[in-house]
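Observations on chain architecture
Take a look at the letters that make up each chain.
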Amino acid sequence: MKLYYFSGACSLASNIALREAGLPFELVKVDRRTRKAADGLDYNEVNPKGYVPALTLDNGEVLTENVAVLQYIADRNPASKLAPPAGTMDRYRLVEWLGFISSEIHKNFSPLFRDDAPEETKQYLRKVLGNRLDYLNRAIGNRPFLMGEQFTVADAYLFTVVGWSRHLNFDLGKWPQLQRYMERVGARPQVTEALKAEGLLK
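Residues numbered from 1 in each chain as written. Predicted model: local features only at pLDDT ≥ 70, side-chain atom pairs only at ≥ 80, totals over all residues. Heavy atoms only, no water.

Using the criterion set out here, one finds eight salt bridges in the structure. Note that Asp116 is salt-bridged to Arg114, the shortest N-O span being 2.9 Å. A relative accessible area of 55% means that Asp116 is categorised as exposed. (Salt bridge = Lys/Arg side-chain N within 4 Å of Asp/Glu carboxyl O. Buried < 20%, exposed > 50% of the residue type's maximum accessible area, 1.4 Å probe, protein only.)

Below, the structure is given as structure tokens:
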């Protein structure tokens with residue numbers, strides 16, 4: 001498998017998940033500006049949507065969108081317990097978390113990085129994000145991970161997008177449970193490996 005990524009983008013979640021699952025894969029960097037991939041391909045041909053992640057499977061198919069890619073990775077190695085078994089209530093709870101992270105955290109952070117987003121819009125999104133982080137802080141409480149004792153792909157995704165807060169002057173100190181959660185996930189060996197592979201950690 002090949003994982004196409006922009007350094008520090010949401011594709012980091014899949015990078016972490018692949019390592020946590022112990023699956024063999026090739027990490028392929030994509031130039032944000034030119035959209036040229038390190039393997040020589042035009043990334044827009046790999047994924048016509050133009051954004052990451054894109055996971056090229058062994059049979060040549062390409063899978064995109066975090067919610068799909070992360071579950072696909074988890075299901076390739078059920079023993080890793082990165083996702084509960086399909087059809088169980090716990091699996092739907094995982095999908096619930098993935099949906100929340102995708103629509104309420106990820107998509108509210110993204111415009112804050114854009115120079116062409118109006119300041120008024122950015123201030124509004126900061127307020128919305130503050131409310132969502134309030135919820136996360138309460139929901140995490142004293143649990144080690146989102147689903148309880150077990151690390152899942154939802155944790156890989158949440159760690160990735162909440163990690164953007166440090167580039168946007170969000171002080172996670174306002175959310176102590178969430179801050180401790182981020183430290184706990186960040187200390188995992190596979191997370192450290194993924195960060196180093198993308199040049200985000202020395």
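Along the chain, Asn15 falls in helix H1 (residues 12-21). Accessibility expressed as a relative area gives 0% for Asn15, which makes it buried. A polar contact of 2.6 Å, which involves the side chain of Asn15, links it to the side chain of Arg19. When sequence neighbours within four positions are dropped, the list of residues in contact with Asn15 reads Leu3, Phe25, Leu27, Ala194, Ala197 and Glu198. (Helix = DSSP H or I, 4+ residues; strand = E, 2+ residues; numbered from the N terminus. Polar contact = N/O pair within 3.5 Å; in protein donor to acceptor, adjacent residues only side chain to side chain. Contact = heavy atoms within 4.5 Å.)

This brings us to the pairing of strand S1 (residues 2-5). Relative to strand S2 (residues 26-29), S1 runs parallel, the two sharing four bridges. Paired with Tyr4 across the strands is Val28, a residue of S2. For the crossover from S1 across H1 to S2, the handedness is right-handed. When S1 meets strand S3 (residues 54-56), the two strands line up antiparallel, connected through three bridges. (Pairing = 2+ DSSP bridges. Right-handed = clockwise from strand over helix to strand, strands pointing away.)

Let's shift gears to the packing of aromatic side chains. Under the counting rule described, the total for this entry stands at ten aromatic pairs. Plain terms: the ring middles of Phe100 and Tyr135 are 5.4 Å apart, the flat faces sit at 65° to each other, and that makes the pair edge-to-face. Of the two residues, Phe100 is situated in helix H4 (residues 89-109) and Tyr135 in helix H5 (residues 119-140); the sequence distance between them amounts to 35 residues. Residue Phe100 is classed as buried on the basis of its relative accessible area, which comes to 17%. Look at Tyr135 and you get partly exposed, because its relative accessible area is 37%. Judged by centre distance (5.6 Å) and plane angle (90°), the rings of Phe145 and Phe151 are edge-to-face. (Phe/Tyr/Trp six-rings, centres within 6.5 Å; stacked < 30°, edge-to-face > 60°.)

This part covers the sheet that holds strand S4 (residues 62-64). Strands pair in a sheet through their backbones, by hydrogen bonds, and they do so in one of two ways: parallel or antiparallel. Across the sheet, which stays open at both edges, the four strands sit in the order S2-S1-S3-S4 with mixed pairing between neighbours. Each edge of the open sheet is held by one strand with a lone partner, namely S2 and S4. Adjacent strand axes in the sheet meet at a mean angle of 25° when their direction is disregarded. The sheet strands contacting H1 are S1, S2 and S3, and the helix crosses S1 at an angle near 155°. (Axes fitted to C-alpha atoms, helices over the stretch in contact; angles between N-to-C directions.)

Turning our attention to the nonpolar core. For soluble globular proteins, nonpolar side chains are generally found buried alongside one another. Within the largest apolar cluster, 55 residues are counted, with the highest numbers of intra-cluster contacts made by Leu133, Leu146 and Tyr181. Listing elements by their share of this core, those giving two or more residues are H1, helix H3 (66-76), H4, H5, helix H6 (153-162), helix H7 (176-186) and helix H8 (189-197). Counting residues per element, this core draws most heavily on H6, at eight residues. Sequence-distant contacts of Leu133, that is, excluding residues within four places in its chain, are made with Ile105, Val162, Phe170, Leu172, Trp175 and Leu178. Of all hydrophobic cores here, the second largest spans ten residues; its members include Val30, Ala37, Val46 and Ala54. (Core = buried A, V, L, I, M, F, W, Y, C linked by side-chain atoms within 4.5 Å.)

Once that is clear, we can look at unusual backbone geometry. With an omega dihedral of 0°, the bond running from Val52 to Pro53 counts as a cis peptide bond. Secondary-structure assignment places Pro53 in the loop between helix H2 (43-46) and S3. Positive phi, normally seen in glycine, also occurs at Glu65, with a value near 80°. Structurally, Glu65 is set in the loop between S4 and H3.

Attention now moves to the packing of H4 against H6. Running from N to C, H4 and H6 cross one another at 10°; their axes reach a closest spacing of 10 Å. Between H4 and H6, the angle is such that the two are roughly parallel. Contact with H4, carried on its side by Leu94, Trp97, Leu98, Ile101, Ser102, Ile105, His106 and Phe109, involves Val153, Ala154, Tyr157, Leu158, Val161 and Val162 of H6 and no other residues of that element. Along the lines of polarity and charge, the residues of the contact of H4 with H6 split into twelve nonpolar, two polar and no charged. (Parallel < 35°, antiparallel > 145°, perpendicular 65-115°, else oblique. Nonpolar A, V, L, I, M, F, W, Y, C, P; charged D, E, K, R; others polar.)

Interpretation note: all reported values are geometric properties and have no functional meaning in isolation.
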